[in-house]
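# Geometric and topological summary
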Amino acid sequence: MEYERKYAWSPLLRFYHWAFALSIVFLSVSGFFIHFPWSNTNLEGSQTYYMSEWRYIHFSAGFVFMCALVARIYLLIFGNKQEKLLDFIPVTPKNIVNFFKTIMYYGYIKDKTEHRTGHNTFAGLFYVVVFILAILQCLSGLFLLYPEGSLWTGIGYSIFSAQQDARHVHYLIMWGFFVFILSHIYIVIWNDIKEPEGLISSMFNGYKFFEKER
Ligand code: HEM
Ligand code: HEM
């Protein structure tokens, strides 16, 4: 069988993806420490500075996360065809058909699915949910970071109400990310094994492979 290579993902998209994925690891570990410190924090500020150090890691990774998100929002509007929002959300007739075909394929009801240079629209819907959660995570994080008299204070109060509520939402969204990440990694590996399109490597080199007749 002969295959042809199709360019799918720009360098910026790939860079954003790995910056986003890696920063979430640092944010979650440091976030767990902030939520439930496992060191003796009575010594904080005299002999140890664990909490300050973990918070520093959290905020540094937080800014990487926010930059990655801004890059993705830019690509939703100005990216290549596959990277634009309308290409991967199930709102047009073609995309709605792809949505149901993908569900049948993932559910082992159909053996074949439609191959797309970009995301299938079932995955796309979940990516949009992730973007919305990421925006809320940034807004609640900035509200917690700048609690008084900043732009984020006003926005924070109007969306989350009290600071403690923002903190609660911030914590719960982390668990939302965990659910996404587990299913995401499972599905990309499953897809990579079933179809010879080189899905995972496309997030490194930007290319996918398709049978030539198609
Ligand atoms: C996926 C991304 C993120 C995850 C998983 C995450 C996770 C967490 C968790 C679990 C906490 C502890 C909350 C609690 O005490 O219950 C926390 C606190 C916090 N996060 Fe995040 N966070 C993320 C992104 C951000 C971003 C983008 C910022 C913005 C700079 C940020 C700023 C903060 C601040 C200021 C706190 C409170 C620190 C404190 O009270 O000492 N976070 N985060
Ligand atoms: C080893 C871990 C990971 C691998 C191998 C991986 C691989 C991939 C691949 C192959 C795609 C494209 C799939 C498609 O076409 O539908 C993708 C997309 C995506 N991944 Fe991952 N991923 C990993 C971890 C993560 C993590 C931790 C996150 C964080 C939430 C994440 C968030 C996303 C998002 C949001 C997209 C959509 C890309 C876009 O914005 O267009 N990934 N990933």
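Criteria and thresholds
Residues numbered from 1 in each chain as written. Chains lettered and ligands numbered in written order. Predicted model: local features only at pLDDT ≥ 70, side-chain atom pairs only at ≥ 80, totals over all residues. Helix = DSSP H or I, 4+ residues; strand = E, 2+ residues; numbered from the N terminus. Buried ≥ 20, exposed ≤ 12 C-beta atoms within 10 Å, placed from the backbone. Contact = placed C-beta atoms within 7 Å. Near = placed C-beta within 6 Å. Nonpolar A, V, L, I, M, F, W, Y, C, P; charged D, E, K, R; others polar. Axes fitted to C-alpha atoms, helices over the stretch in contact; angles between N-to-C directions. Parallel < 35°, antiparallel > 145°, perpendicular 65-115°, else oblique. Left-handed = near helix turned anticlockwise from the far one by under 90°. Core = buried A, V, L, I, M, F, W, Y, C linked by C-beta atoms within 7 Å.

## Focus on the overall build of the protein
For the protein, the count of helices and strands is eight helices and two strands. The order of helices and strands in the protein, counted from the N terminus, is β-α-α-α-α-α-α-α-α-β. The buried share among the 214 residues of the protein stands at 18%. Of all intrachain contacts in the protein linking residues separated by at least 6 positions in sequence, the fraction that spans at least 24 positions is 61%.

## Considering the site of ligand 2
Surveying the vicinity of ligand 2 reveals 19 residues, the closest of which are A21, H119, A123, Y127 and M203. Secondary-structure elements contributing two or more residues to the shell around ligand 2 are α1 (11–35), α5 (121–145), α7 (163–194) and α8 (199–205). If you tally residues by element for the shell around ligand 2, the top one is α7, at six residues. For the shell around ligand 2, the residue count by class is 14 nonpolar, four polar and one charged.

## Some points on the packing of α5 against helix α6 (residues 151–160)
Where α5 meets α6, the axes come as close as 9 Å, and the angle between the chain directions of the two elements is 120°. The orientation of α5 with respect to α6, classified from their angle, is oblique. Of the two possible hands of crossing, α5 and α6 adopt the one that is left-handed. Across the interface between the two elements, L139, S140, L142 and F143 from α5 touch W152, T153, I155, G156, I159 and F160 from α6. Of the residues assigned to the contact of α5 with α6, the class counts are seven nonpolar, three polar and no charged.

## A few points about the site of ligand 1
Within the structure, ligand 1 sits among 24 residues, and G31, G62, G141, L144 and M174 are positioned closest to it. Broken down by secondary-structure element, the contributors of at least two residues to the shell around ligand 1 are α1, α2 (50–78), α5 and α7. Top element by residues in the shell around ligand 1 is α1. It accounts for seven residues. Looking at the shell around ligand 1 residue by residue, the classes come out as 14 nonpolar, eight polar and two charged.

## A look at unusual backbone geometry
In the Ramachandran plot, Y108 falls in the positive-phi region, its phi being about 60° despite a non-glycine side chain. Looking at where Y108 falls in the secondary structure, it is placed in the loop between α4 (93–106) and α5. In this model, S161 sits at a positive phi of 70°, which is unusual for a non-glycine residue. Residue placement: S161 occurs in the loop between α6 and α7. With 11 C-beta atoms counted inside 10 Å, the residue S161 sits in the exposed group.

## Quick look at the packing of α5 against α7
The axes of two packed helices give the description: the angle between them and the distance between them. Across the interface, α5 lies against α7 with an axial gap of 9 Å and an inter-helix angle of 150°. If you check the angle between α5 and α7, you find them roughly antiparallel. Helix-helix and strand crossings are classified by hand; for α5 and α7 the assignment is left-handed. For the pair formed by α5 and α7, the contact residues are F126, V130, L133, L136, Q137, S140, G141, F143 and L144 on the first element and Q163, A166, R167, V169, H170, I173, G176, F177 and F180 on the second. Classifying every residue of the contact of α5 with α7 gives eleven nonpolar, six polar and one charged.

## Quick look at the nonpolar core
Y16, I24, L27, A61, F65, A68, L69 and A134 together form the largest nonpolar core, which totals eight residues. Listing elements by their share of this core, those giving two or more residues are α1 and α2. Take this core: its biggest share by element is four residues, from α2. Beyond its immediate chain neighbours, meaning those up to four positions away, Y16 contacts A68, A71 and R72.

Geometric descriptors of this kind do not, in isolation, establish any biological role.
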